[in-house]
Amino acid sequence: MPKRSNEPVFWALFGAGGVVAAFVLPALIVVTGLAAPLGLPSPGVLSYERVSAFAASLPGAAFLFVVISLSLWHGFHRIYHSLHELGVHRGLSVVRVLCYGTALAGTALTAYLLVTAI
Amino acid sequence: MAVRRPYVRPMAGWWRRNPFYIFYMLREATSVFVALYALQLLYGLYTLAVGEAAFDAWLVSLRHPLFLVFHGVALAAALLHAFTWFNVAPKAMPVLYLGSHRVADRTLVWAQYLIFAVISVAILGVVLGG
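Remember, predicted model here, so these are calculated numbers, not experimental data.

A. Layout of helix α4 (residues 92–117) of chain A. Relative to the 38 Å expected for 26 residues at 1.5 Å per residue, α4(A) spans 37 Å between its end C-alpha atoms, a close match to the ideal helical length. Within α4(A) the residues assigned to the buried category are A:L92, A:V95, A:C99, A:Y100, A:A103, A:G106, A:T107, A:T110, A:L113 and A:L114. Looking at the packing, one finds that the buried side of α4(A) touches α1 (7–38), α2 (48–56) and α3 (58–85) of chain A together with α1 (19–50) of chain B.

Laid out in C-alpha cells, this is it:
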C-alpha cells in the first residue's frame, strides 16, 4: 500500500480556520484590540463579569474554542508553507513540528480553560 | 576535465521581482497576524481563568500604544485575508447548482460579503451596543 500523505488533514483545518478567521476576526479585533482598550463606546465593554459569563456559557465557550483553535491551525499551517517559499529548507521538519505542535497545544489549552470555566 | 556547472536560476528574493508575487506574499503574511491574534486571545482566556486581577491587568496591557498598533495592523491583515479568501472560495469549493442552473462565482463572492457584513454588525452590535 502506498504511503499516504497526512496533508489533507492539515489542509482541512487550514480551510476551516480560513473561513472562521475571514468571517469573525475583523470584528473581533475591533472589539478586543481597539474598542475595549480605547474605552469605546464606553469603558467596561470587556468587563470581567461579562466575559466570564460569556466564556462559561455553552455558545460562548463553543465560539471561543472554534475561533482560537481554528485560527491557530490556519495561521501556523500557512506560516509553515510560507517558510518553504522564503527559501527555508534546512530543519523544516523541526519547524513543522513546532508549528503544528503550537496549534495542537493551543487547542488543548483552550479546551481545558473553557471546560474548567463552564 | 572541467566539471560541468549548469546554470541554476537564483531563487533568493523571487517574490520581490513581480507585483503579483508581492501581493501573494502579503496575503500569506496575514497568517502571522491571524496566529498572533489567536495567541493573544488565548492568553486573555488564560488570565480570565486565573482571576479578575489578572484579567484586568491584561485589559490594561492592551492599552499600550504598541498593542494598539499591533491590533490596527492585525485588523488590516484580517480584512486582507477575508477579502482574498472570499474571492478564491468559488475556485476552491465544488460547483454549486440551484436546480439545473449553475450559481455564478460572482454571486458566491457577494453572498460571502453579505454574510460577513451580517456577522460583523452582529458582533459589534452585541458587544459594543448591549
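B. Highlighting the nonpolar core. If you look at the biggest cluster of nonpolar residues, it comprises 57 residues, and the most contacted ones within it are A:L25 and B:L45. Listing elements by their share of this core, those giving two or more residues are α1, α2, α3 and α4 of chain A together with α1, α2 (52–61), α3 (65–92) and α4 (105–129) of chain B. When residues of this core are assigned to their parent elements, the largest contribution, 14 residues, is made by α1(A). The residues contacting A:L25, other than those within four sequence positions of it, are A:V20, A:V67, A:S71, B:V34, B:Y37 and B:A78.

C. Quick peek at the domain arrangement of chain B. All names here are of chain B. Domain boundaries assigned for chain B yield domain 1 (14–86) and domain 2 (93–130). Computed from C-alpha coordinates alone, the two centres of domain 1 and domain 2 are separated by 23 Å. With four residues of domain 1 at the interface, the matching set in domain 2 holds four residues. Counting the surface domain 1 buries against domain 2, the share from its top three residues, L79, F83 and F86, is 91%. There are zero salt bridges connecting domain 1 and domain 2.

D. Structural view of empty space enclosed by the protein. Following the criterion strictly, the structure yields one cavity of 30 Å³ or more and no others. Together, B:P90, B:M93, B:P94, B:V95, B:L96, B:R102, B:V103, B:D105 and B:L108 line the largest cavity.

E. Broad picture of the packing of aromatic side chains. In this structure the tally under the stated criterion is 17 aromatic pairs over all chains. Plain terms: the ring middles of A:F10 and A:W73 are 6.1 Å apart, the flat faces sit at 35 degrees to each other, and that makes the pair tilted. Separated by 63 residues along the polypeptide, A:F10 in helix α1 and A:W73 in helix α3 bring together distant segments of the chain. Like A:W73, A:F10 is buried. By way of ring pairs, the aromatic residues A:F23, B:F86, B:W110, B:Y113 and B:F116 are connected into one cluster.

Cut-offs applied
- Per chain, residues are indexed from 1 in the order of the written sequence.
- Think of it this way: whatever chain is written first is A, whatever ligand is written first is 1, and the rest follow in order.
- Side-chain atom pairs in this predicted model are given and counted only at pLDDT of 80 or more, local residue features only at pLDDT of at least 70, and totals for whole chains, interfaces and linings cover all residues.
- Processing note: side-chain calculations cover all non-hydrogen atoms of the structure and skip hydrogens and water entirely.
- Helix and strand assignments come from DSSP, with helices taken as H or I runs of at least 4 residues and strands as E runs of at least 2, each series counted from the N terminus.
- Take the number of residues in a helix, subtract one, and multiply by 1.5 Å to get its expected span.
- The buried label goes to any residue with under 20% of its type's maximum accessible area, the exposed label to any with over 50%, and the partly exposed label to all in between, with areas taken from a 1.4 Å probe on protein chains only.
- We call two residues contacting when some pair of their heavy atoms lies within 4.5 Å.
- The criterion is simple. A nonpolar core is a set of buried Ala, Val, Leu, Ile, Met, Phe, Trp, Tyr and Cys residues joined through side-chain atoms within 4.5 Å.
- Domain limits in this description derive from either an automatic procedure or a database domain assignment.
- Simply put, the buried area is the total loss of 1.4 Å probe accessible area from both parts when two parts are fitted together.
- Each reported salt bridge corresponds to a side-chain nitrogen of Lys or Arg within 4 Å of a carboxyl oxygen of Asp or Glu.
- Using a 1 Å grid laid over the protein atoms alone, points where a 1.4 Å probe fits but cannot get out form a cavity; open sets with protein on both sides within 12 Å along at least 5 of 7 lines form a pocket; any residue with an atom within 4 Å of a point counts as lining.
- Grid points are joined across faces, edges and corners, and a volume is the space filled by probe spheres set on the points.
- Pairing of aromatic rings covers Phe, Tyr and Trp, the last through its six-membered ring, and needs centres within 6.5 Å; plane angles under 30 degrees mean stacked, over 60 mean edge-to-face, and all others mean tilted.

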